[in-house]
Amino acid sequence: MANLPNTTENLSLDTFVRGLWRENPVFVMLLGMCPVLAVTNTTMNALAMGLATTFVLVCSSVLVSLLRNWIPKQVRIASYIVIIATFVTIVDYGIQAISLELYAALGAFIQLIVANCVILGRAEAYASKQRLHTTLINSLGMGAGFTIALLSLGTVREVLGNGTLLGIPLFGENFQPWVVMILPPGGFFVLGTWLLLFNWLRLRKERKALQHAGVPANAG
Amino acid sequence: MNIKVEVQAQQPATPSWAMLRTLAGIALLSGLLVVLIYQYTKPIIAENQRVLTEQAVFEVLPGAVTKVDLRLTDAGLSPADAGTEGLRLFAGFNADGTLRGVAFPAAARGYQDIIEFLFGYDPACACIIGSKVLRSTETPGLGDKIDTDPAFLQNFEALDARLNAAGTGLANAIVLVKHGTKTEPWQIDGISGATISGNAMARALNQSAQQIVPVIQRDRDVLSAATPRP
């Protein structure tokens, strides 16, 4: 049977941590932008979407890793999509059982996790080639990175756009909310600002590393 | 320029049977998991929906402590016995067993999608005494003010919904007016930032009330005969 080649990575702290920062799915790889921009208008929505995506990511990656020697490469994408859709359906029913209000707030974006590139990308690029334990740790890191990114947007947008954090008012009666922040353009504004900040930090770090190595900052 | 050419080792072709077996196996596993989670969560979700609706009934009929399910059929109001088809309404009763009012559903298209409401109607004062949004995808912080803004919700504490002389519809259509320009008791004082959602609410209420309120007033004996349950 024509399977994908196995490449084994040794488990290390980097297996988990790279999803948080160096390979963050939102701030570095710019994947899964649809829910990132759409449901981050409040902190609670962002947290719920992040946890739901993490659950689907971890479960589907684990199953893909377990079945990696059994899935022929010709039907791998169809198999991954069915596996991902299964866990999305589980999350969908799970959220309805936990809270119908939360389910209403997240709208169609729960079902759309199926089409989230982060999950299919992990299945194809990592889980289908790696052993179970490294896949589990890596997908947990990626899920945590995705959730942190959503929270970064959701918190800023709720505080500026509604004057609250997790529904608790932060400012006095005189605070005039920046309504644009909880509307779709606000998602782009906040994402752009975070990307600007992270890229500035990365460039500064690179410049310092070059200076430390004795290379002039403007060289190359 | 060096061009590196990698020759991939020829792999044996995958037999169709292996592909079929894999897809069938995964589909089978998927179906099993979905059925299990559906069966497990079905009663929990039904209970959540029941609780949500009941909470809404007591919210739109302030003071009510018990309720009776009713159906609106072609013949009029009737108790919701098994097999009775029709629009679902709720009669709410005070602690002393007197009728507090009737909760009825309404819906209209808002800014994003259809908004579903539950309104409370008091036949004694012929007025709307409460409102609750049951389902909405309106913009958080803007459109959802129709369910959260206390000043706007004051509109629905005693909104005039009297019948016309013939008893076939409302004497005055319920309409939304611009904020600060309300002059009549059947007008809803608008809310800035939620104009489309507010209009949808007024439209939904007016359409449903025009049909349902005449039947409620006509069949008050059915309401009085209904036995409240705790």
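Residues numbered from 1 in each chain as written. Chains lettered and ligands numbered in written order. Predicted model: local features only at pLDDT ≥ 70, side-chain atom pairs only at ≥ 80, totals over all residues. Heavy atoms only, no water.

### A short note on the overall build of chain A
Alright, step 1. Across its full length, chain A holds eight helices and two strands.
Alright, step 2. Along chain A, helices and strands appear, N-terminal first, in the series α-α-α-α-α-α-α-β-β-α.
Alright, step 3. On the principal axes, the C-alpha backbone points of chain A span a range of 70 × 60 × 25 Å.
Alright, step 4. The buried share of chain A, reckoned over its 220 residues, is 45%.
Alright, step 5. When contacts within chain A are restricted to residue pairs at least 6 apart in sequence, long-range pairs at least 24 apart make up 75% of them.
Alright, step 6. Here chain A has roughly 10,600 Å² of accessible surface; of this, 69% comes from carbon and sulfur atoms.
Alright, step 7. Averaging the positions of the 14 positive and the 9 negative side-chain charges in chain A gives two centres separated by 14 Å. (Helix = DSSP H or I, 4+ residues; strand = E, 2+ residues; numbered from the N terminus. Buried < 20%, exposed > 50% of the residue type's maximum accessible area, 1.4 Å probe, protein only. Contact = heavy atoms within 4.5 Å. Areas by Shrake-Rupley, 256 points an atom, 1.4 Å probe, with all protein chains shown as cover. Lys, Arg positive; Asp, Glu negative; His and termini not counted. Charge placed at Lys NZ, Arg CZ, Asp CG, Glu CD.)

### Points about the nonpolar core
Alright, step 1. Judged by nonpolar contacts, the single largest core of 44 residues is most densely connected at Phe 27, Val 56, Ile 110 and Ile 113 of chain A.
Alright, step 2. Contributions of two or more residues to this core are made by helix H2 (33–38), helix H3 (43–66), helix H4 (76–98), helix H5 (100–106), helix H6 (117–127), helix H7 (132–162) and helix H8 (184–212) of chain A together with helix H1 (16–60) of chain B.
Alright, step 3. With nine residues, the top contributor of residues to this core is H3 of chain A. (Core = buried A, V, L, I, M, F, W, Y, C linked by side-chain atoms within 4.5 Å.)

### Focus: the state of the cysteines
Alright, step 1. Per the counting criterion, the structure on display carries one disulfide over all chains.
Alright, step 2. Two residues share a disulfide in this structure: Cys 125 of chain B and Cys 127 of chain B, whose sulfurs sit 1.8 Å from each other. Its S-S torsion of about -70° marks the bond between Cys 125 of chain B and Cys 127 of chain B as left-handed, since a negative value means left-handed.
Alright, step 3. Take Cys 125 of chain B: its relative accessible area is 37%, and that puts it in the partly exposed class.
Alright, step 4. Under the relative-accessibility criterion, Cys 127 of chain B is labelled buried at 6%.
Alright, step 5. Cys 34 of chain A forms no disulfide, and the closest cysteine sulfur to it belongs to Cys 117 of chain A, at a distance of 9.6 Å.
Alright, step 6. In this structure Cys 59 of chain A is a free cysteine whose sulfur lies 20 Å from that of Cys 117 of chain A, the closest cysteine sulfur available. (Disulfide = S-S within 2.5 Å.)

### Considerations on the UniProt feature "transmembrane region" (unreviewed entry) in chain A
All names here are of chain A.
Alright, step 1. UniProt marks residues 20–40, 46–66, 78–96, 102–123, 135–155 and 175–198 with the feature "transmembrane region" (unreviewed entry), using the numbering shown here.
Alright, step 2. End C-alpha atoms of residues 20–40 are separated by 18 Å, and the span's content is 29% helix alongside 0% strand.
Alright, step 3. The span residues 175–198 shows a helical share of 62% and a strand share of 0%, and its end C-alpha atoms are spaced 29 Å apart. (UniProt positions renumbered as here; feature names shortened; annotations may be inferred.)

### Examining the UniProt feature "transmembrane region" (unreviewed entry) in chain B
Alright, step 1. When the UniProt feature table is mapped onto this chain numbering, "transmembrane region" (unreviewed entry) sits at residues 20–40 of chain B.
Alright, step 2. Each end of residues 20–40 of chain B is marked by a C-alpha atom, and these two atoms are 30 Å apart; helix forms 100% of the span and strand 0%.

### Notes on the sheet that holds strand S1 (residues 66–73) of chain B
Residue and element names in this part refer to chain B.
Alright, step 1. Read across the sheet, seven strands follow the order S2-S1-S3-S4-S5-S6-S7 without closing on themselves; strand pairing throughout is antiparallel. Looking at strand neighbours, the two that pair on one side only are strand S2 (76–79) and strand S7 (159–160), the edges of this open sheet.
Alright, step 2. Relative to S2, S1 runs antiparallel, the two sharing four bridges. The partner of Leu 72 across the bridge, within S2, is Leu 77.
Alright, step 3. Strands S1, strand S3 (87–93), strand S4 (99–109), strand S5 (114–122) and strand S6 (127–135) of the sheet are contacted by H1, whose axis makes an angle of about 155° with S6. (Pairing = 2+ DSSP bridges. Axes fitted to C-alpha atoms, helices over the stretch in contact; angles between N-to-C directions.)

### Looking at the side chain of Asn 24 of chain A
Residue and element names in this part refer to chain A.
Alright, step 1. Following the sequence through the fold, Asn 24 ends up in the loop between helix H1 (13–17) and H2.
Alright, step 2. Asn 24 gets classed as buried once you look at its relative accessible area, which sits at 3%.
Alright, step 3. One polar contact links the side chain of Asn 24 to the main-chain carbonyl oxygen of Gly 145, over a distance of 3.3 Å. (Polar contact = N/O pair within 3.5 Å; in protein donor to acceptor, adjacent residues only side chain to side chain.)

### Some remarks on the UniProt feature "modified residue: FMN phosphoryl threonine" (unreviewed entry) in chain B
Residues and elements named next belong to chain B.
Alright, step 1. Mapped onto this structure's residue numbering, the UniProt feature "modified residue: FMN phosphoryl threonine" (unreviewed entry) falls at Thr 195.
Alright, step 2. Looking at the secondary structure, you find Thr 195 in helix H4 (residues 195–218).
Alright, step 3. Classification of Thr 195 as partly exposed rests on a relative accessible area of 45%.

### As for the packing of H4 of chain A against H1 of chain B
Alright, step 1. Interhelical geometry of H4 of chain A versus H1 of chain B gives an angle of 5° and a closest axis separation of 8 Å. The pairing of H4 of chain A with H1 of chain B is recorded here as roughly parallel in orientation. (Parallel < 35°, antiparallel > 145°, perpendicular 65-115°, else oblique.)

### Quick word on H3 of chain A
Alright, step 1. Taking 1.5 Å as the rise per residue, H3 of chain A with 24 residues should run 34 Å; its terminal C-alpha atoms sit 34 Å apart, in good agreement.
Alright, step 2. Of all 24 residues in H3 of chain A, 19 are buried; the element is thus mostly enclosed. (Expected span 1.5 Å × (residues − 1).)

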